[in-house]
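The chain contents come next:
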Amino acid sequence: MGPTRGVSVLLIFPALAMALALFIYPLGYSLVGAFQDKAGVWTLGNFVRAWELYRLDTLFTVFIVGLSTFLIAVISVSIGGYLTLGNSPVAKKILDWLYRWPLFVPFIVAALCMRTFLGRNGMMNNAFVFLGFMDQESAQSFLDWRGIVITFVWKQTPFVTLMVAGAMAGLDRSTIDAARNLGASRLRVLLEIVVPQIRRTLAVGLILSFVTMMSVLSVPIMLSGQSPSMLTVNMAWRINSVGDYGTANALGFVSYLLTGLAAWFYLREAVRDKQQGLTR
Amino acid sequence: MKWVLRAGLLAVFAFFVLGPIGNLMIWSVAEQWFWPNRLPSQWGFRFWDVVFRPTGRAMESLWLSIWIALLTTATCLVVSVPAGYALARGKLPWRPIVMLIFLLPQAFPNLPVYINIARIFFEYDLNGTVAGVVMVHAVHGLVFSVWIATAAFAAIDPELEQAARNIGASGPRTFFEVTLPLALPGIVASAIFVFLESLDEFTGSYFVGAPEIRTLPLMLYSAGAGGNIQIAAISALILLVPSILFMLLVERFLKGEVLAKMGR
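Residues numbered from 1 in each chain as written. Chains lettered and ligands numbered in written order. Predicted model: local features only at pLDDT ≥ 70, side-chain atom pairs only at ≥ 80, totals over all residues. Heavy atoms only, no water.

Trainee: How do you make sense of the interface of chain A and chain B when you look at a structure like this?
Mentor: Interfaces are frequently sized by the accessible area removed from exposure as the parts join. Of the residues lining the interface, 88 residues belong to chain A; the matching set on chain B comes to 92 residues. Linking chain A with chain B are 0 salt bridges, by the criterion used here. Our enumeration of links across chain A and chain B arrives at 10 residue pairs in polar contact (both at pLDDT 80 or more). Take the side of chain A that touches chain B: its biggest share by element is 19 residues, from helix H1 (residues 5–33) of chain A. For the side of chain A that touches chain B, the per-class residue count stands at 62 nonpolar, 20 polar and 6 charged. (Contact = heavy atoms within 4.5 Å. Salt bridge = Lys/Arg side-chain N within 4 Å of Asp/Glu carboxyl O. Polar contact = N/O pair within 3.5 Å; in protein donor to acceptor, adjacent residues only side chain to side chain. Helix = DSSP H or I, 4+ residues; strand = E, 2+ residues; numbered from the N terminus. Nonpolar A, V, L, I, M, F, W, Y, C, P; charged D, E, K, R; others polar.)

Below is the structure:
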């Protein structure tokens with residue numbers, strides 16, 4: 001049953017042509033462009049310039065995205081863990097309802113929300129002052145690298161939590177219950193029984209978030225205009241203000257490398273799992 | 001005691017999840033708000049009038065964004081329904097490679113690719129046109145529409161199609177009267193998702209569309225950068241409505257358990 005080979009190829013052709021023309025071709029263009037100067041001569045000059053101008057920004061980007069990924073992992077595992085192991089059904093229901101709100105909020109809207117929320121006179125500082133945690137004079141703006149990290153974590157945690165909580169809900173309860181009956185604390189059950197079983201799902205969610213954060217322009221450009229900046233802002237600057245595609249493509253190549261590195265770590269783990277016969 | 005701690009932690013969590021959206025809502029009805037006032041000194045809907053004035057630029061941007069999102073959704077559906085059917089049911093050479101190609105836009109940072117699309121489009125005069133922006137949005141939407149359509153078709157029991165064929169239905173008739181209706185919920189879900197992604201898209205529109213094509217996210221950005229926080233906040237709230245609706249609806253067809261299967 002189903003279409004024959006010829007018909008199948010015909011059916012897939014338009015979609016495939018679109019992906020090749022509008023993604024694979026420009027992707028190749030950016031890879032080649034990273035190693036060519038304006039006249040089309042092969043060179044490493046773009047990388048030299050990228051290193052001279054943006055090595056600090058590269059580290060800054062790795063730091064921000066890395067820290068955000070780490071925080072997303074901790075928070076999503078905590079939420080998922082409470083949803084799986086928590087005692088209070090009411091608290092679980094509220095938490096389950098609450099955590100997903102930012103899931104489909106566009107990045108540009110999240111950035112604007114945070115710009116008003118984290119500013120010197122934003123709702124966060126005002127709430128702290130109101131509750132007496134600090135006085136008005138010591139209120140400071142969080143619209144710098146901290147603001148970018150908070151926005152990324154706010155926006156991406158629901159996505160990873162949804163995956164992680166789903167995987168946790170699908171686990172066999174008997175080992176969890178057995179460990180609990182033997183007197184293991186909930187934290188220990190979470191870290192030693194639940195997390196090892198869902199770590200593949202967690203890793204996929206984190207890598208997808210990592211790639212997403214590496215290509216978001218709106219958040220860093222709206223929250224923090226100061227130097228050092230994120231690579232996305234630098235690429236936009238090279239194009240719009242200098243018209244320098246070579247350096248922009250070299251920076252693009254660096255961001256491919258960074259995400260490739262993250263994916264490589266994941267694949268290495270996955271292969272090791274398979275060799276040990278632990279694949280789930 | 002434990003009860004108090006639990007309630008306290010939930011309250012803090014709620015503040016950080018909902019506070020940023022709440023702050024935006026306050027800004028949308030703040031006519032005057034100067035430091036160090038904790039709340040606006042003058043409230044009102046004056047800026048809503050500015051945004052919703054039929055001749056205003058914001059409404060123009062909203063309609064343009066919706067138009068682009070509709071075109072993007074249509075483009076994605078037209079190519080991804082046949083592609084999904086072929087991937088699920090057909091006999092394709094190099095099927096894993098083809099699936100991988102449709103996954104790549106999600107595996108690479110998009111921004112450097114958008115820059116180079118804009119560079120290529122320059123030669124074809126596609127920058128600053130609706131067609132150009134639709135193409136950029138569509139290739140991003142293709143990842144979701146092809147994968148979800150494939151999953152939707154693969155989930156249908158082939159025996160149902162076989163039964164239709166056995167009682168004499170032709171191949172196309174079986175597809176349109178049996179297979180397609182069964183796959184429709186998944187395809188509708190992917191269409192909504194592509195529509196939303198297009199409506200919210202910023203980076204691609206920024207490089208390919210600006211300054212001629214001012215979608216709502218681009219307008220929001222320039223309003224925010226220009227200090228018109230109220231206008232930006234109202235535009236942001238307009239963008240939030242479909243996102244929140246989708247979030248509330250999503251449980252119907254996008255269970256966490258399904259998401260967790262991704263990448264396996």
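Having put the structure on the table, let's press on.
Trainee: Help me understand empty space enclosed by the protein, please; the structure alone is not making it clear to me.
Mentor: With a probe scaled to a water molecule rolled over the atoms, the places where space remains empty come into view. Counted according to the given criterion, the structure contains 2 cavities of 30 Å³ or more. Its volume calculated, the largest cavity comes out at about 40 Å³. Lining the largest cavity are Leu22 and Phe23 of chain A together with Pro105, Asn110, Val113, Tyr114, Ile117, Val139 and His140 of chain B. Mapped onto the lining of the largest cavity, the elements with two or more residues apiece are H1 of chain A together with helix H5 (110–123) and helix H6 (130–154) of chain B. Of the residues forming the lining of the largest cavity, the biggest block, 4 residues, is contributed by H5 of chain B. For the lining of the largest cavity, a count of residues per class yields 7 nonpolar, 2 polar and no charged. The space that makes up the second largest cavity amounts to roughly 30 Å³. Surrounding the second largest cavity, Ser65, Ile68, His137, Ser198, Leu199, Glu201, Thr215 and Pro217 of chain B form its lining. Looking at the lining of the second largest cavity, the elements that each hand over two or more residues are helix H3 (57–89) and helix H8 (171–200) of chain B. Tallied by class, residues from the lining of the second largest cavity come to 3 nonpolar, 4 polar and 1 charged. (1 Å grid on protein atoms, 1.4 Å probe; cavity = no way out; pocket = protein on both sides within 12 Å on 5 of 7 lines; lining within 4 Å. Points joined across faces, edges and corners; volume = space filled by probe spheres on them.)

Fair warning: the whole summary comes from geometry, so function is off the table for now.
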